[in-house]
Every structure is written in structure tokens, then in C-alpha cells.
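# Remarks on the overall topology
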Amino acid sequence: MNRLGRKDNETLIEMSLATDGEDSNGPLCETISNTESELRSNSEGLSSTETSLLIPDHQVTGRRYNLFLKRRLRINKRHQSKDSVFFRDGVRRIDFVLSYLDDPNKEEEKKVERRREFEKNLQKAGLELETEDKKESEDGKTYFVKIHAPWEVLITYAEVLNIKAPIKENDIPPTVENPLDCMLEPFRLPEKVMHPEPDYFTAPFSKSRQELYLIDNESTFFSASRRNRIVYYILTRCPYGTEEGKKKFGIKRLLSNGTYTAAYPLHDCQYWKKSNDPNCDNERYTLYMEWARFLRFYKEQPLDLIRKYYGEKIGIYFAWLGFYTEMLFFAALVGLICFLYGLFTMDENMSSTEICAPAIGGEIIMCPLCDEKCEYWKLNTTCESSKYSHLFDNVATLFFAIFMGIWVTLFLEFWKRRQARLKYEWDLVDFEEEQQQLQLRPEYEAKCTHRKKNPVTQEMEPYLPLTSQAVRFCISGTTVLFWISLIIASMIAVIVYRLAVYAAFASIMENTQTLQPISGLLTPQLATSVTASCLNFVIIMILNFLYEKIAVWITDMEIPRTHLEYENRLTMKMFLFQFVNYYSSCFYVAFFKGKFVGYPGTYTYMFSRWRNEECDPAGCLIELTTQLTIVMAGKQIWGNIQEAIVPWIWNWWGRRKARCNPENLYSRWEQDHDLQSFGALGLFYEYLEMVIQFGFITLFVASFPLAPLLALMNNILEIRVDSWKLTTQFRRPVAAKAHSIGVWQEILNGMAILSVVTNAFIVAFTSDMIPRLVYYYAYSTNEDSPMSGYINNSLSVFQVSDFLEGKRPENNPENFLTCRYRDYRYPPGHEKKYLHTMQFWHILAAKMAFIIIMEHIVFIVKFFVAWMIPDVPAEVKARIKREKFLTQKILHEYELNKLKQKLCECKTYENMEKEVIATEGKVELSQAM
């Protein structure tokens, strides 16, 4: 097999420049090399292990039995295991696998030509290929093309991709251990699992300075994740022909048009047992045993091993998820304490005591909950709900809202420090400069037919004209607005449902003779809230499913230039939609329900038909809690079902035919082929799920102190579910670099600021805390029990004879003359009849003052804490400077030694002596700096 057939310093990127005069649609050129290499014949010996095959006759019958016998004969002739990650020679490692089906149709000839041209160009680029015939596959239809990147290709593209390689073992002393670390010993993993590789000083790889790097073994110098990243870089830029006058290239396009069915790197072994190969690191097995099993939920995560096996992008996600879960522990603990405070003081709550008292709540007759059909009811029918409302609507709610505002800031600031430490440890400090160079999307290069000169590089590069960008953004923006409008319309439909069934529940759940509800706990308000929340959750899931596909389509249509830009645009579209979709119903209950009701005789109606909902006499907070619990818990349960059970079912279905095959028949590439594809947007949905959860525990946490506890329990499970599915149910993802969580950081910062505002408004307008405090300090007349009389004070009086015709209840068997309603208005007979009292304006002023004071206090503390905590720890800053200095010194000394060698060999002594002096001066200057 031929290797690189051209100059060592040429790459696919450089080769692409030669084609600018011929065609501007692709980054590669067909004139990569004049040297071509042929594929190995399909008749070469297959790797297998001679085994005794014992399969019951009733499991293998007919045509399948004949195929089994033929394969058994072939296997017995060969002596290498197919459960291997190497070529048939047992030496060259399989870095990537392509698969395609033998499916004859009118498109097949075109697909065959594309594959032939694509694989020929891959070989011209230096890759080595080996094809497994369909006769050797389990289904008898699938071909597998195995790809190996030889050393020359790896070092060429390591330089192109600016991959850092070790030059010296790190000699900086480790940080002093914390004396309390011994207490954390039960949560630790073995050192070999936590740190699978020594710590090195690193420098960007250069082909011309290979002797500088610590290359002990060429086959293991580049890890499997780096090898598959290099191969995938080539695959996404390799051409396969010209169609319709445009050059076509890239494995993504070949996958989309069905030329290939899958493209993936291999796992290094089976997850449930170690490989028979003594050279295999068995990293997948280690990850499964130490990380992916739920029984290890209390153990720390092996982040370095995750990064080594899956790449930095997946590693940074699990680092963030783990840190978020750790910080949730403190929020959950404080929230649980606040909940227990409400539980233990439930019987001491004067409001619920008065509502439940037969002499007070039993004597107060409330106005009907709907027009005509509903009847008068007694206040003590809401006794149970008022008690449970106190669990969340108490003084501790205010403390917890302020605490969560500060907790969010601490979480974000400490995460920045944790992220800075990971950037140093994972050699990502200079990654920002790499992104713009390396992440140019092949789709952008293919679709942009216009080219212009880059003012920096002075090279021709593709670009999208401004007019085309404007048109695409207009279409994209209109589509997003349409879908957001659709969400708002669905929310209005749910509100109409609430109003329609509210009257039905109110008329059904009242008893005319006894004026007692069917159940002491289930009130019309609560029944409406529960059913509407469930309906809203179903609508949310349906709209999510539809919009995900629309968001990807409109982002593709915009043709973003880089992968980073693509992810950021898709992230903003999806988050904006999900924000409105998930939180709109909570915003309605928190800030609109019960606020624009009117009063008996002059109620407010939606669409002039349905009367607006009223809050429970004990307040709307319990209904917000119900809404939040159903949507949050339902989303988490549904998410875990989608993430764990669905992939497992699909994999079980795909492997059902191969369960009777031994390992020497069921090859490593077939095993991974039958797994699910993680996809380029796999992490995107994981981040989105967690950020939406973050919104639930911050934006509305004042209504539900147990939300952080639910989130903590979910995240402990989430880490193990994500690790389990990634290790056992999905193909190995292509490794990718990332130095941070990206645009999600800005989204979290925005939600942290918004959460202060929403929680202040919830405490002020949704809970009853401010009206109670105003009554306590300004209107109470009982010094011994200041809160006694609050319920009677908060209910206004309405004269039954003032009902308008068509609105008056049909039945009034006890001839009530007045009824009560929740508001602060003057009674009948007063000169300001049914107008707001002065107490109403006092309460409104107190609410506004509370919002302003709380927001300023929390924001001042937030910004002070953010200022006090540096984003990068001082120790990490010192280590970064120290490593840069030592690395630069090593590189300069290397250059000096090379010049001295040239000096010994070169006759032009005088010129070389000047160069050596200049180099020595550069080393001294570096040391001085």
C-alpha cells in the first residue's frame, strides 16, 4: 500500500489552493498526487479465531444455516480474531470505518462511481484502506471500508490542526494537598483511572522538529481520539467528483445521499470485558466499570480518561455537569431546610387556621366561581389547600429567593475558575486562535461560489454576499417568529381550556345543600391547574419535536461560516424557542393569573366569553408550584426515557439477529455499526436539557424550594445515564476540541440576572407575603395576635342584588344577601362603593418598594462576589506563565543546538556564527522576560 505520494509539507488544505482556478466549490483537488494505490483484494485472508462453534440446530435453519456453514469454513482457515481494531495484518490500527449497502437500484451506479472516486482520493491523501466483503458481514449485505492513517499522514495533519505534543515531563511541583482530602477518600477513584497519562510540557507539533518530541512508539504517540479526529478532518474535505458543474466533496454529503450508510471510529474493546489484545488499553471497559454504572454514582468522574477517550468537547460537558451537580447539593440542602420550616410551622399559620375554623371560615360565604351555574360556597372548603400553600409561601421563601440569587453567582464564578484549570490541564489555553483556522465548515466552502481575497492571508477564500445573507436572515427570523407565535397561540388555547373547565369543575365540585366540596383537598382551582399543566406538558413535547427539525433546517439555510458559528446560531434559536415553550405557562400563572379578574358584577372576560381565573383564597403560589412540578418532573422523566430506554430498544432490535453469533463471526466494526449514532448535535441536546432545568431552579425557585433537590436527584442519575449510553449504546463519537461550554455560558449569565427579577416579582405579586406584612405592621388591631383577622381583612363584601342579569347564580336556596371575594375594595353603601381602598394602594406601594430593594441588594451582592472571585486562579496563572517560559526555553535551546550542528558541518563559518549569537541572545531575552 502506497503512503503519501507527494512532498511531506503538503496537506489537503494546501492542495485545495491549486484548484481555485478550476472550481471554487471544494477545498480539495483531484491532483493531490500522481501516485495511486490499489485497494487490497477482497480475497485476502480475514481475521478470525479458530473456535469450536456450538449453535443449536433450532436456532440456525434454512438459508441462514448454509450461510453460517460457509462462514464457519472460512473462519477455520484463518487464525485472527475479528473482534479486533486492526487490519488483517494485525499491525495497522483501524482509525475509521465506512459502511455501505449492496442495494441495487437506478441510483446504484452513481453511488459506486462516487465511492470509487472518493476512496481513490483518500488513498491519494495517504490513507490506507481495506474492504470487508458483504459475504463476511452478518447480514450479507453490508460492505465495510476500514481506514488506517499511517505515520506520515498523522504528523502532516497534526501540524495542520495545531495538535500539541509532549516535549518534556512536567516538573512543576503539585499543589499542596488539603488536609481534609482524607475525608473524601471514599469518593475517589484509583490514580491510574483519574490520571491515565503523565503530565507533560507540550508544544504544537512540527514535522521538521520530530526529534524534539517524546516519541517512544509511533503507533501509540497519537491517541486513538486524535487519530480519528485527523482522519475525520480528511474525510470531510476529500472530493468525490463533479456533479451539475460543481465539485462535490466530504463524507457528510455522501452520508446524506446514501452513498455510505455510516462513518465512525471504533471503540477499543467491548464494554463488559477486556480485550484479548495485550496492547489494548481497554479504556472503554475502564470507563464502564468505574464511571458508567449507576452503583458508582457517589464516585468522582475520571475526567482525564473521558477527555482522552472521547475528546475535550465531551470531557468539558461532563466536567460542567459534574460541577453543576456538586453546587446543586448546597442549594438543595438550603431548599430542604426552608421546606421543613414551612412543614413544621404549618399548624402555627394564622391564615390557614382562620380559614379552617368553623366560626370564621365556616361562616364566610364566598361569591360564585363562575356565572349562573355556580353556587355560593364557604371559605373553609379551601382549608387543606391553604395549609399546603404555607409549605411554600412563608418567610423562608424570601430568604431562599435571596440565597438562590447569590448561589447562581457563586456557581458561575467558581465554574469559570474550574474551567480555567481544565484549560491549563488539557492544553487548551491557546485554543481561541485555533478555532477560526480549523473550524471552517465544508458546507460553507461548497455552497459559497463567490470568492474574495483575505486581507490577512492575501489568499482567495469563499464568502457569502451581503444580499444573500440578508435574505437568508429575513427568512430565518420570520420562521422563528412564526413558531414563537405558535407557542403563544397554544398557551392561549390552554388558558381558554383553563377558563372553560374551571366553570365546569366549580359547578361539579360544589354541593348545594351542605356547601361542602367533594374532597377537602381537591379544589376547582387545583383540579384546573393539574389538568391544564398536564395538557400543557403534552403540547410542549409535541412542539419541541417539530421545532427541532425546523431549527436545524433554517440554520443550515443561513450557511454559517464556522462550526462554532453554526453551533451558536442553532443554540440561540433552540434556546429562544424552548424558553418560550417551557416557561410561558409558568409566567402566566406567576404574573397574570388572578391579576385581572375584576370583581363580582364587573368581571373581566377573555374574548368576551370566558371569565378570567381567580386565585385560591390562600394565594396563587400553590398553583405555580403545581405547574412547575409537573412540567419540570415530566420533562426529566421523559428525557431519561428518551436518553436511555429508546437507544437500548433500538440497539436490541438491531442486534437481535447477531445474538447467536460468536465473536469470531461478529466483528468489532459490525458490533459498533449496530450501535446508535451520537451525532454532531448530541451534546447540544444534553446542554439544552440542563440549561432548561437550570431555568426552572432559578427563575421560579421562590415558588418551589424543593426544585434544586429534584434537580440534584435527576442530575445524579443524568450523569450515569449519559455515561452509560455513551459507553454502551452509542458508537464512539469523533473527538473534537472545546475550551469552554461556549455560548451556553452567556445564556446562563442572562438567566442568572433574569432570575433575580422573576423571584422578586413572585415574592411580591404571587405570594401573600407582602399583604400579610402590610397588615401586620399597619392594619392589625390585636397586639397579642397581630395576624388574627387577616383573612377577613383581605376579603371584600359584595351585595348579591348588584349582580347583573345573566350573571347572577340560578340558585340561592338560603337567600344570601352578601358574599365575599378576594380584593381590597369599599363595601356596599360606601360613597366609593367597589373602588379600591387605601390599603390596596399601600400594598401595591410596598410590593414595588420590595422589588426595588430586593433587586438592588441581590445585584450589589452578586457583582461584589463576581468582582471578588477572579476568573482564573492565581496558581493556574503562575503555572501557565511557568509552562510557557519553560516551553519557549526548550524550543530555543533546540534551535541553538541545531544551529551548532549546522555550524560544524557548514563552511560559511562567519554567517553561522552570527546566527548562533542571535539565537543565544533570544534565549537570554526569553529568560529575562
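Just so you know, these numbers come straight off a predicted model, no measurement behind them. Note on numbering: residues in each chain are counted from 1, in written sequence order. Given that the model is predicted, a residue must reach a pLDDT of at least 70 before its local features are reported, and side-chain atom pairs must reach 80 or more before they are shown or counted; all residues, however, enter totals for whole chains, interfaces and linings. Note: side-chain values were computed over all heavy atoms of the structure, leaving out hydrogens and water.

Moving on: the overall build of the protein. Only DSSP runs of H or I covering at least 4 residues are called helices, and only runs of E covering at least 2 are called strands; the numbering of each starts at the N terminus. Helix and strand counts for the protein stand at 29 helices and 18 strands. Scored against the burial criterion, the 929 residues of the protein give a buried share of 53%. Working rule for contacts: check all heavy atoms of both residues, and any pair within 4.5 Å makes them a contact. Of the contacts formed within the protein by residues at least 6 apart in sequence, a portion of 78% connects residues at least 24 apart. Counting every atom, the protein has about 42,900 Å² of accessible surface; 59% of that belongs to carbon and sulfur. Per-residue accessibility, obtained with a 1.4 Å probe over protein chains only, is compared with the maximum for each type, and a residue is labelled buried under 20%, exposed over 50%, and partly exposed between these values. Only the protein chains shown count as cover for residues, with accessible areas throughout obtained via the Shrake-Rupley method and a probe of 1.4 Å.

So, on to the packing of helix 9 (residues 283-292) against helix 23 (residues 707-729). A pair of packed helices is characterised by two quantities: the angle between their axes and the separation of those axes. Note on method: axes are straight lines fitted to C-alpha atoms, helices fitted across the in-contact stretch only, with angles between N-to-C directions ranging 0 to 180 degrees. Helix 23 packs onto helix 9 with a crossing angle of 160° between their chain directions and a minimal axis gap of 10 Å. Compared by their axis directions, helix 9 and helix 23 come out roughly antiparallel. Crossing of helix 9 over helix 23 shows left-handed handedness. For the pair helix 9 and helix 23, the contacting residues are R284, Y288, W291 and A292 in the first and I719, R720, S723, W724, T727 and T728 in the second. Residue composition of the contact of helix 9 with helix 23, grouped by class: 5 nonpolar, 3 polar and 2 charged. We call two directions roughly parallel when the angle between them is under 35 degrees, roughly antiparallel when it is over 145, roughly perpendicular when it lies between 65 and 115, and oblique otherwise. Crossing handedness is read from the near helix: turned anticlockwise from the far helix by less than a right angle, it gives a left-handed crossing, and turned clockwise, a right-handed one. Under the grouping applied here, Gly and all other residues not named as nonpolar or charged are polar, the nonpolar ones being Ala, Val, Leu, Ile, Met, Phe, Trp, Tyr, Cys and Pro and the charged ones Asp, Glu, Lys and Arg.

Another point: unusual backbone geometry. Although it is not a glycine, I559 sits at a positive phi angle of roughly 55°. Looking at the secondary structure, you find I559 in the loop between helix 18 (524-558) and helix 19 (563-591). Of note, the phi angle at Y834 is positive, near 65°, even though the residue is not glycine. With respect to the helices, strands and loops of the structure, Y834 is situated in the loop between strand 18 (818-822) and helix 27 (838-868).

Our focus in this paragraph is the UniProt feature "transmembrane region" (unreviewed entry) in the protein. UniProt positions are given in the numbering used here, feature names are shortened, and annotations may be inferred rather than shown by experiment. Listed under "transmembrane region" (unreviewed entry) in the UniProt record, and renumbered for this structure, are residues 317-344, 395-415, 480-505, 525-547, 574-592, 691-712, 747-767 and 840-869. The span residues 747-767 is 95% helical and 0% strand by assignment, and the distance between its end C-alpha atoms comes to 28 Å. Counting secondary structure, residues 840-869 comes out at 97% helix and 0% strand; the distance between its end C-alpha atoms is 43 Å.

Once that is clear, we can look at the state of the cysteines. A covalent bond between the sulfur atoms of two cysteines is what we call a disulfide. Here, two cysteine sulfur atoms that lie within 2.5 Å of each other are counted as a disulfide. A full pass over the atoms with the stated rule returns 3 disulfides. With its sulfur 1.9 Å from that of its partner, C367 forms a disulfide with C819. Looking down the S-S bond of the C367 and C819 bridge, the torsion is 85°, so its handedness is right-handed. Here C819 lies in strand 18 and C367 lies in the loop between strand 9 (365-366) and strand 10 (377-378), a separation of 452 residues in the sequence. The burial state of C367 is the same as that of C819; both residues are buried. Each sulfur in the disulfide pair C370 and C374 lies 1.7 Å from the other. The sign of the 100° torsion about the S-S bond sets the C370-C374 disulfide as right-handed. Classification of C370 by relative accessible area gives buried; the value is 7%. Sulfur of C269: no disulfide; nearest cysteine sulfur belongs to C280 and is 4.9 Å away.

The description of two aromatic rings rests on the distance between their centres and on the angle between their planes. Any Phe, Tyr or Trp ring, taking Trp's six-membered ring, that has another such ring centre within 6.5 Å forms a pair; planes under 30 degrees apart are called stacked, those over 60 apart edge-to-face, and the others tilted. Taken as a whole and assessed by the stated rule, the structure comprises 59 aromatic pairs. Between F761 and F765, the ring centres sit 5.8 Å apart and the planes meet at 20°, which makes this aromatic pair stacked. Separated by 4 residues within a single helix, F761 and F765 lie in helix 24 (residues 743-766), roughly one turn from each other. Residue class for F761 comes out partly exposed when judged on its relative accessible area of 28%. Ring centres of Y775 and Y790 lie 5.6 Å apart, and the angle between their planes is 65°; on these two criteria the pair is classed as edge-to-face. Taken as a pair, Y775 in helix 25 (residues 769-779) and Y790 in helix 26 (residues 790-794) lie far apart in primary sequence, 15 residues in all. By the burial criterion, Y775 is buried, and Y790 matches it.

We now examine a nonpolar patch on the surface. Patch construction takes residues with relative accessible area above 30% that form no salt bridge. Like charges are linked within 9 Å, and nonpolar side chains (Val, Leu, Ile, Met, Phe, Trp, Tyr) are linked within 5 Å. Here, a salt bridge means any Lys or Arg side-chain nitrogen found within 4 Å of an Asp or Glu carboxyl oxygen. Nonpolar side chains collect at one region of the surface, where I637, W638, I641, I645, V646, W648, I649, W650, W652 and W653 lie side by side and expose about 1,000 Å² of accessible area between them. Residue placement: W652 occurs in helix 20 (residues 621-655).

Let's shift gears to the nonpolar core. Put simply, buried Ala, Val, Leu, Ile, Met, Phe, Trp, Tyr and Cys residues joined by side-chain atoms within 4.5 Å make one nonpolar core. Grouped together as the largest cluster of nonpolar side chains are 134 residues, with contacts concentrated most on W320, Y324, W407, F411, Y583 and F696. The leading source of residues in this core is helix 11 (residues 312-344), at 16 residues. Not counting the four nearest positions on each side in its chain, F696 is found in contact with Y582, Y583, C586, L628, V631, M632, K635 and V701. Of all hydrophobic cores here, the second largest spans 47 residues; its members include L127, A165, C238 and Y894.

Within the open sheet, the 4 strands sit side by side as 2-3-1-8. Their pairing is antiparallel. Where the open sheet ends on each side, the last strands, each with one partner, are strand 2 (128-132) and strand 8 (262-264). Strand-to-strand twist of the sheet, defined as the mean angle between neighbouring strand axes without regard to direction, takes the value 15°. At least two bridges found by DSSP between two strands is the condition for calling them paired. Bridge analysis of strand 1 (residues 96-101) against strand 8 gives 3 bridges, and the strand direction is antiparallel. What sits directly across from V97, in strand 8, is Y264. Across the sheet, helix 3 (residues 108-124) lies against strand 1, strand 2 and strand 3 (142-148), angled at about 165° from strand 1, the strand it touches most.

The subject of this paragraph is the pattern of salt bridges. On inspection of all chains with the given rule, the structure shows 33 salt bridges. We note a salt bridge from R88 to E132, for which the minimum N-O separation is 3.6 Å. Taken together, the residues span a long stretch of sequence, with R88 in the loop between helix 2 (62-76) and strand 1 and E132 in strand 2 at a distance of 44 residues. You'll find R88 and E132 in the same group, each marked buried. The closest approach of N and O atoms between K308 and E283, which form a salt bridge, is 2.8 Å. Linking K308 in helix 10 (residues 303-310) with E283 in helix 9, this pair joins segments that are 25 residues apart in sequence. With respect to burial, K308 and E283 carry one shared label: buried.

Every helix has an expected span of 1.5 Å times one less than the residues it contains. For helix 14 (residues 395-425), spanning 31 residues, the distance from its first C-alpha to its last is 45 Å, which sits close to the expected 45 Å at 1.5 Å a residue. What qualifies as a polar contact is a pair of N or O atoms within 3.5 Å, subject to a donor-acceptor requirement within protein and to the restriction that residues adjacent in sequence count only when both atoms come from side chains. Its side-chain oxygen 2.9 Å from the backbone nitrogen of A396, N394 forms the N-cap of helix 14. Residue D427 follows helix 14 closely and has a positive phi angle near 55°.

Before going further, it helps to spend a moment on the confidence of the model for the protein. Summing up the model confidence of the protein, the mean pLDDT is 80 and the portion of residues at 70 or higher is 82%. Within a predicted model, pLDDT stands for the predictor's per-residue confidence, ranging from 0 to 100. Every residue in residues 1-79 scores below 50 in pLDDT, and together they form 165 contacts with partners more than four places removed in sequence or on other chains. Overall, residues 511-520 carries pLDDT values under 50, and its contacts beyond four positions in sequence, including any with other chains, amount to 20 contacts.

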